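Geometric and topological summary
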Amino acid sequence: MIDTRKPAANQDDDQLADDPSANAAAGGTGEEISVDALLRGEAEASREAGLRSEVAELKDRLLRAMADTENVRRRAEREKAEATLYAASNFARDLLSVADNMARALEAMPEKQREKADEATRNLLAGIDLTYRELMQVFERYNIHRVDPLGERFDPHFHQAMFEVPDPEAPPGTVVQVVQPGYRIGERVLRPALVGVAKAGPRNGPGRDGRGVA
(Lines give C-alpha, C1' and ligand atoms only; values in the text may rest on other atoms or scores of the structure.)
Protein backbone atom coordinates (compact mmCIF):
# COMPACT_ATOMS: atom_id res chain seq x y z
CA MET A 1 0.00 0.00 0.00
CA ILE A 2 1.01 3.57 -0.59
CA ASP A 3 1.80 5.57 2.62
CA THR A 4 -0.09 8.87 2.34
CA ARG A 5 1.26 10.38 5.58
CA LYS A 6 3.40 13.47 5.14
CA PRO A 7 6.83 13.59 6.53
CA ALA A 8 7.25 15.27 9.91
CA ALA A 9 8.98 18.27 8.38
CA ASN A 10 6.11 18.89 6.01
CA GLN A 11 3.59 18.64 8.85
CA ASP A 12 5.49 21.32 10.78
CA ASP A 13 5.38 23.62 7.74
CA ASP A 14 1.62 23.22 7.50
CA GLN A 15 1.19 24.13 11.17
CA LEU A 16 3.25 27.27 10.72
CA ALA A 17 1.13 28.29 7.76
CA ASP A 18 -2.10 27.77 9.69
CA ASP A 19 -1.01 29.42 13.00
CA PRO A 20 -0.47 33.23 12.72
CA SER A 21 1.16 33.40 16.13
CA ALA A 22 3.61 30.77 15.01
CA ASN A 23 4.27 32.78 11.88
CA ALA A 24 4.90 35.88 13.99
CA ALA A 25 7.26 33.93 16.22
CA ALA A 26 9.00 32.68 13.14
CA GLY A 27 9.43 36.26 11.87
CA GLY A 28 6.81 36.08 9.13
CA THR A 29 4.47 39.23 9.71
CA GLY A 30 5.77 40.48 13.07
CA GLU A 31 7.50 43.43 11.40
CA GLU A 32 4.28 44.57 9.71
CA ILE A 33 2.39 44.58 13.04
CA SER A 34 5.04 46.69 14.75
CA VAL A 35 4.91 49.29 11.92
CA ASP A 36 1.13 49.61 12.31
CA ALA A 37 1.51 50.13 16.04
CA LEU A 38 4.15 52.79 15.42
CA LEU A 39 1.90 54.61 12.99
CA ARG A 40 -0.98 54.53 15.45
CA GLY A 41 1.30 55.90 18.18
CA GLU A 42 2.44 58.75 15.94
CA ALA A 43 -1.18 59.58 15.10
CA GLU A 44 -2.08 59.65 18.79
CA ALA A 45 0.91 61.87 19.58
CA SER A 46 0.01 64.23 16.74
CA ARG A 47 -3.61 64.45 17.91
CA GLU A 48 -2.49 65.09 21.50
CA ALA A 49 -0.13 67.84 20.35
CA GLY A 50 -2.97 69.42 18.38
CA LEU A 51 -5.24 69.35 21.41
CA ARG A 52 -2.54 70.92 23.60
CA SER A 53 -2.02 73.67 21.03
CA GLU A 54 -5.76 74.32 20.84
CA VAL A 55 -6.04 74.47 24.65
CA ALA A 56 -3.13 76.92 24.82
CA GLU A 57 -4.71 79.13 22.16
CA LEU A 58 -8.09 79.12 23.92
CA LYS A 59 -6.40 79.94 27.23
CA ASP A 60 -4.57 82.87 25.62
CA ARG A 61 -7.84 84.17 24.14
CA LEU A 62 -9.55 83.87 27.51
CA LEU A 63 -6.79 85.78 29.29
CA ARG A 64 -6.87 88.53 26.66
CA ALA A 65 -10.66 88.81 26.93
CA MET A 66 -10.44 89.02 30.72
CA ALA A 67 -7.75 91.73 30.46
CA ASP A 68 -9.85 93.73 27.98
CA THR A 69 -12.89 93.46 30.25
CA GLU A 70 -10.88 94.66 33.25
CA ASN A 71 -9.51 97.61 31.27
CA VAL A 72 -13.00 98.60 30.16
CA ARG A 73 -14.24 98.40 33.76
CA ARG A 74 -11.40 100.54 35.09
CA ARG A 75 -11.84 103.10 32.31
CA ALA A 76 -15.58 103.32 33.03
CA GLU A 77 -14.92 103.83 36.74
CA ARG A 78 -12.34 106.52 36.02
CA GLU A 79 -14.65 108.34 33.61
CA LYS A 80 -17.47 108.15 36.13
CA ALA A 81 -15.26 109.56 38.88
CA GLU A 82 -14.04 112.38 36.63
CA ALA A 83 -17.58 113.17 35.52
CA THR A 84 -18.67 113.38 39.16
CA LEU A 85 -15.66 115.51 40.09
CA TYR A 86 -15.84 117.97 37.23
CA ALA A 87 -19.63 118.15 36.88
CA ALA A 88 -19.70 121.19 39.19
CA SER A 89 -16.91 123.05 37.37
CA ASN A 90 -19.14 125.68 35.77
CA PHE A 91 -21.09 126.25 38.97
CA ALA A 92 -17.91 126.50 41.02
CA ARG A 93 -16.38 128.92 38.52
CA ASP A 94 -19.39 131.21 38.92
CA LEU A 95 -18.88 131.21 42.69
CA LEU A 96 -15.30 132.40 42.45
CA SER A 97 -16.36 136.01 42.00
CA VAL A 98 -18.38 135.73 45.23
CA ALA A 99 -15.28 134.49 47.05
CA ASP A 100 -13.23 137.33 45.51
CA ASN A 101 -15.70 139.99 46.66
CA MET A 102 -15.73 138.62 50.20
CA ALA A 103 -11.93 138.62 50.29
CA ARG A 104 -11.83 142.22 49.02
CA ALA A 105 -14.33 143.28 51.67
CA LEU A 106 -12.18 141.77 54.39
CA GLU A 107 -8.99 143.31 52.98
CA ALA A 108 -10.57 146.75 52.64
CA MET A 109 -10.25 147.41 56.38
CA PRO A 110 -6.93 146.53 58.02
CA GLU A 111 -6.89 144.80 61.39
CA LYS A 112 -5.98 147.97 63.29
CA GLN A 113 -8.93 149.88 61.85
CA ARG A 114 -11.25 147.01 62.69
CA GLU A 115 -10.33 147.31 66.32
CA LYS A 116 -11.25 150.99 66.25
CA ALA A 117 -14.48 150.48 64.32
CA ASP A 118 -17.88 150.49 65.96
CA GLU A 119 -19.54 147.29 67.05
CA ALA A 120 -21.90 147.12 64.06
CA THR A 121 -18.99 147.32 61.61
CA ARG A 122 -17.01 144.70 63.50
CA ASN A 123 -20.03 142.37 63.54
CA LEU A 124 -20.53 142.90 59.81
CA LEU A 125 -16.90 142.07 59.06
CA ALA A 126 -17.05 139.05 61.37
CA GLY A 127 -20.11 137.77 59.47
CA ILE A 128 -18.33 138.25 56.12
CA ASP A 129 -15.27 136.47 57.44
CA LEU A 130 -17.36 133.56 58.75
CA THR A 131 -19.20 133.24 55.43
CA TYR A 132 -15.94 133.36 53.50
CA ARG A 133 -14.38 130.62 55.63
CA GLU A 134 -17.46 128.43 55.24
CA LEU A 135 -17.36 128.92 51.48
CA MET A 136 -13.71 127.83 51.43
CA GLN A 137 -14.63 124.73 53.43
CA VAL A 138 -17.33 123.87 50.92
CA PHE A 139 -14.80 124.30 48.12
CA GLU A 140 -12.39 121.95 49.86
CA ARG A 141 -15.15 119.40 50.35
CA TYR A 142 -15.67 119.29 46.60
CA ASN A 143 -11.94 119.16 45.87
CA ILE A 144 -11.73 122.82 44.85
CA HIS A 145 -8.52 124.44 46.04
CA ARG A 146 -7.29 128.00 46.11
CA VAL A 147 -4.01 128.69 44.30
CA ASP A 148 -1.94 131.38 46.03
CA PRO A 149 1.57 130.88 44.57
CA LEU A 150 3.50 133.69 46.25
CA GLY A 151 7.17 132.70 46.39
CA GLU A 152 6.67 129.67 44.15
CA ARG A 153 8.15 128.96 40.75
CA PHE A 154 6.00 130.29 37.91
CA ASP A 155 3.87 127.49 36.45
CA PRO A 156 2.15 128.36 33.15
CA HIS A 157 -0.43 125.62 33.77
CA PHE A 158 -1.77 127.33 36.91
CA HIS A 159 -0.45 130.90 36.71
CA GLN A 160 -0.88 133.78 34.31
CA ALA A 161 1.94 136.33 34.30
CA MET A 162 0.66 139.93 34.21
CA PHE A 163 4.01 141.71 34.49
CA GLU A 164 7.65 141.24 35.42
CA VAL A 165 9.25 142.74 38.51
CA PRO A 166 13.00 143.46 38.76
CA ASP A 167 13.89 141.78 42.04
CA PRO A 168 17.57 140.98 42.67
CA GLU A 169 16.68 138.98 45.79
CA ALA A 170 14.32 136.55 44.02
CA PRO A 171 15.41 134.00 41.42
CA PRO A 172 14.14 134.81 37.93
CA GLY A 173 10.78 133.18 37.26
CA THR A 174 9.63 133.34 40.88
CA VAL A 175 6.16 134.66 41.68
CA VAL A 176 6.75 137.81 43.75
CA GLN A 177 3.23 139.26 43.63
CA VAL A 178 -0.27 137.76 43.43
CA VAL A 179 -2.78 140.09 41.84
CA GLN A 180 -5.61 137.58 42.03
CA PRO A 181 -5.51 134.05 43.46
CA GLY A 182 -6.40 131.15 41.22
CA TYR A 183 -8.45 128.01 41.79
CA ARG A 184 -8.23 124.43 40.62
CA ILE A 185 -10.63 121.51 40.82
CA GLY A 186 -8.80 118.23 41.11
CA GLU A 187 -5.91 118.61 38.70
CA ARG A 188 -7.74 120.99 36.37
CA VAL A 189 -7.59 124.75 36.40
CA LEU A 190 -10.76 126.62 37.23
CA ARG A 191 -9.02 129.97 37.01
CA PRO A 192 -5.30 130.74 36.74
CA ALA A 193 -3.70 132.94 39.35
CA LEU A 194 -2.77 136.40 38.06
CA VAL A 195 0.78 137.05 39.17
CA GLY A 196 3.85 139.23 38.85
CA VAL A 197 7.06 137.37 38.12
CA ALA A 198 10.62 138.27 39.06
CA LYS A 199 12.99 138.92 36.19
CA ALA A 200 16.74 138.98 36.11
CA GLY A 201 18.06 142.24 37.53
CA PRO A 202 20.83 144.36 35.99
CA ARG A 203 24.37 143.10 36.24
CA ASN A 204 26.39 145.27 38.60
CA GLY A 205 29.78 143.76 37.78
CA PRO A 206 32.31 145.82 35.80
CA GLY A 207 32.23 145.62 32.03
CA ARG A 208 35.09 145.86 29.63
CA ASP A 209 35.39 149.58 30.24
CA GLY A 210 35.40 149.07 34.04
CA ARG A 211 31.92 150.50 34.50
CA GLY A 212 28.77 148.68 35.51
CA VAL A 213 26.79 147.31 32.59
CA ALA A 214 23.02 147.19 32.67
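Just so you know, these numbers come straight off a predicted model, no measurement behind them. Along each chain, numbering runs from 1 in the same order as the chain's sequence is written. Only residues with pLDDT of at least 70 get local features here, since the model is predicted, and only at 80 or more are side-chain atom pairs given and counted; chain-wide, interface and lining totals rely on the full set of residues. To get the side-chain values, take all heavy atoms of the structure and skip hydrogens and water.

1. Here's the deal with the overall build of the protein chain
Worth spelling out the cut-off: To qualify as a helix, a DSSP run of H or I must reach at least 4 residues; to qualify as a strand, a run of E must reach at least 2; elements of each kind are numbered from the N terminus. Categorising residues by exposure relies on relative accessible area from a 1.4 Å probe, with only protein chains included: less than 20% of the type maximum marks a residue as buried, more than 50% marks it as exposed, and the intermediate range marks it as partly exposed. In what follows, residue pairs with any heavy atoms lying within 4.5 Å of each other are defined as contacts.
Of the regular secondary structure elements, the protein chain holds six helices and six strands. Overall, the protein chain shows an N-to-C arrangement of helices and strands of α-α-α-α-α-α-β-β-β-β-β-β. Going through the 214 residues of the protein chain one by one, you find that 19% of them count as buried. Nonlocal contacts in the protein chain, meaning residues at least 24 apart in sequence, comprise 59% of its contacts between residues at least 6 apart.

2. Brief notes about the sheet that holds strand E2 (residues 159–166)
The pairing of strands in a sheet happens through backbone hydrogen bonds and is either parallel or antiparallel. Which entries qualify depends on this criterion: Here, a strand pair is defined by DSSP locating no fewer than two bridges between the strands. Working convention: axes come from line fits to C-alpha atoms, limited for helices to the stretch in contact. Angles between N-to-C directions cover 0 to 180 degrees.
Taken in spatial order, the three strands line up as E2-E6-E3 in an open sheet, and their pairing is mixed. In this open sheet, the two strands that pair with only one neighbour each are E2 and strand E3 (175–180). Strand-to-strand, the axes of this sheet are offset by a mean angle of 30°, without reference to chain direction. Bridge analysis of E3 against strand E6 (residues 193–199) gives four bridges, and the strand direction is antiparallel. Following the sheet pairing, Gln180 is matched in E6 by Leu194.

3. Some thoughts on the confidence of the model for the protein chain
Which entries qualify depends on this criterion: Confidence of the predictor at the level of single residues is captured by pLDDT, which takes values from 0 to 100.
Considering every residue of the protein chain, the mean pLDDT works out to 79; 78% of them sit at 70 or more. In this model residues 20–31 is a low-confidence stretch, pLDDT under 50, and it forms six contacts with partners more than four residues away in sequence or in other chains. Segment residues 205–214 is flagged for pLDDT under 50; beyond a separation of four residues in sequence, or across chains, it makes nine contacts in the model.

4. Things to note about the nonpolar core
Convention followed: Among buried residues, the Ala, Val, Leu, Ile, Met, Phe, Trp, Tyr and Cys ones that are joined through side-chain atoms within 4.5 Å form a nonpolar core.
In this structure, Ala99, Tyr132, Met136, Phe139, Ile144, Tyr183 and Leu190 are the most contacted members of the largest nonpolar core, which totals 15 residues. Counting residues per element, the ones that place at least two in this core are helix H4 (89–107), helix H6 (119–141) and strand E4 (182–185). Dropping the residues within four chain positions of it, Ala99 is found in contact with Tyr132, Leu135, Met136, Phe139 and Tyr183.

5. Examining the side chain of Ser89
Secondary-structure assignment places Ser89 in helix H4. Ser89 gets classed as buried once you look at its relative accessible area, which sits at 12%. If near-sequence neighbours (up to four positions away) are discounted, Ser89 is found in contact with Ile185 and Leu190.

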